[in-house]
Amino acid sequence: MADQTYETILYQTPAPGIARIVMNRPEARNAQNLTMTYDLNAAFDRAVADEAIKVIIVAGSDPHFSSGHDLRPGGRNQAGIDFPALGTWGGFEEGGAHGRMAREQEIYLQITRRWRNLAKPTIAEIQGRCIAGGLMIAWACDLIIASDDASFCDPVVTMGVCGVEWFAHPWELGARKAKEFLFTADTWSSQEAHRLGMVNHVVPRADLPAFTLALAQKIATKPAFALKTTKEAVNRATDAQGQPEAIEHAFALHQLCHAHNQMMFGMAVDPGGLSPAVKGKAPTGG
Ligand code: ZN
């Protein structure tokens, strides 16, 4: 069932009509490096192109769904974009704010929007921790199923930046709770996320894959075009509320914060908010 053509993910078909894409860097808590970003994108494209697939599940190898973007230097993260670019922004190798904004446009903003708009239903299956960039993957999905021990956190304000690049917090949590989530950088339980409407269902950890698959199979019995158009209609309703403009605005402020930190500290994030493992290594993300 597993496909070996991807370096960082598994592509599974656990039941007819269902694709299950599994982030598979458990040794790095499924941190999303550049390879994983483009592996995920290729897997999404594959699932969308396969007419037999009706619903796409996005999961992470145990024990955690995702620890966010991989901030550690090294490998292709440092070399800029060496995958075929999806966007048209260009300038990935430029210095200063130019290159950073170009890279974050490509690998964070535009690619997340692309996944959010995939023309098939997507379900995030979340256990353990879901941090920062992990939220972006979860929020790009149509439904979120979380285990009872799952937790959620965006600590990016602590790192001197105004939240992750896909700034959907006010829609996911409501404006007032979004502010608390961001200001405090606290870790919130799946029960709290469910109460606020961010999570569809909370289930026991042992039941998570089976529950998610059963939900996917129920959805997969519906006509494909009705599912596609229903997703489009709900997404357009959110768009009509101004979400795209709000996300673009927050992204510009996010880039301003990176530029500010670069001027103040010589790195894109405030080193006061970094873990000891990353501190002093001039991280590229945040
Ligand atoms: Zn950033």
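As shown above, the structure is provided for reference.
Below you will find a few notes about this structure. (Residues numbered from 1 in each chain as written. Predicted model: local features only at pLDDT ≥ 70, side-chain atom pairs only at ≥ 80, totals over all residues. Heavy atoms only, no water.)

To continue, consider the overall build of the protein. Each helix and strand counted, the protein has 9 helices and 9 strands in total. Radius of gyration (C-alpha) of the protein: 18 Å, near the 19 Å computed for a compact globule of 286 residues. With respect to the three principal axes, the spread of C-alpha positions in the protein is 55 × 40 × 40 Å. The 286 residues of the protein split such that 52% are buried. The long-range fraction of contacts in the protein, counting pairs at least 24 apart against all pairs at least 6 apart in sequence, stands at 69%. (Helix = DSSP H or I, 4+ residues; strand = E, 2+ residues; numbered from the N terminus. Rg over C-alpha atoms; globule rule 2.2 N^0.38 Å. Buried < 20%, exposed > 50% of the residue type's maximum accessible area, 1.4 Å probe, protein only. Contact = heavy atoms within 4.5 Å.)

Now for the nonpolar core. Of all hydrophobic cores here, the largest spans 59 residues; its most connected members are Leu 40, Ile 126 and Phe 152. Residue contributions to this core peak at 7 residues, all from helix H1 (residues 34-49). (Core = buried A, V, L, I, M, F, W, Y, C linked by side-chain atoms within 4.5 Å.)

Here we come to a nonpolar patch on the surface. Nonpolar side chains collect at one region of the surface, where Met 263, Met 264 and Phe 265 lie side by side and expose about 370 Å² of accessible area between them. Within the fold, Phe 265 resides in helix H9 (residues 243-265). (Patch = residues over 30% accessible without salt bridge, like charges linked within 9 Å, V, L, I, M, F, W, Y side chains within 5 Å. Areas by Shrake-Rupley, 256 points an atom, 1.4 Å probe, with all protein chains shown as cover. Salt bridge = Lys/Arg side-chain N within 4 Å of Asp/Glu carboxyl O.)

Where charged atoms from two side chains of opposite charge come close, those side chains can pair. The tally for this structure, following the rule as stated, stands at 13 salt bridges. Glu 248 is the partner of Arg 113 in a salt bridge, and the nearest nitrogen-oxygen pair spans 3.1 Å. Taken together, the residues Arg 113 in helix H2 (residues 96-116) and Glu 248 in helix H9 connect sequence positions 135 residues apart. According to the relative accessible area criterion, Arg 113 is partly exposed, its value standing at 23%. We classify Glu 248 as partly exposed; its relative accessible area is 29%. Asp 149 is the salt-bridge partner of Arg 205, the closest N and O atoms lying 2.6 Å from each other. Of this pair, Arg 205 sits in the loop between strand S9 (201-203) and helix H7 (208-220) while Asp 149 sits in the loop between strand S6 (143-147) and strand S7 (151-153), placing them 56 residues apart in sequence. The partly exposed category is assigned to Arg 205, whose relative accessible area is 28%. Among the residues examined, Asp 149 registers a relative accessible area of 37% and is labelled partly exposed. Shared partners join several salt bridges into a network, and the residues in it are Lys 177, Glu 180, Glu 192 and Arg 195.

Before going further, it helps to examine the sheet that holds S7. Taken in spatial order, the 3 strands of this open sheet run S5-S7-S8, and their pairing is mixed. The outermost strands of the open sheet, each flanked by one partner alone, are strand S5 (129-131) and strand S8 (188-189). Examined bridge by bridge, S5 and S7 share 3 bridges and lie parallel to one another. Note that in S7 the partner of Cys 130 across the bridge is Phe 152. Here helix H3 (residues 133-140) sits on the sheet and contacts S5 and S7; the angle it forms with S5, its principal contact strand, is near 95 degrees. (Pairing = 2+ DSSP bridges. Axes fitted to C-alpha atoms, helices over the stretch in contact; angles between N-to-C directions.)

With that out of the way, let us pick up the pairing of strand S3 (residues 55-60). In terms of burial, S3 is largely enclosed, as 6 of its 6 residues are buried. Every second residue of S3 is oriented toward a common face, with Val 55, Ile 57 and Ala 59 on one face and Ile 56, Val 58 and Gly 60 on the other, all of them buried. When strand S2 (residues 18-23) meets S3, the two strands line up parallel, connected through 6 bridges. Bridged to Arg 20 within S3 is Ile 57. The handedness of the S2 to S3 crossover, carried by H1, is right-handed. Bridge analysis of S3 against strand S4 (residues 122-126) gives 3 bridges, and the strand direction is parallel. Across the sheet, residue Ile 56 finds its bridge partner in S4, namely Thr 122. (Right-handed = clockwise from strand over helix to strand, strands pointing away.)

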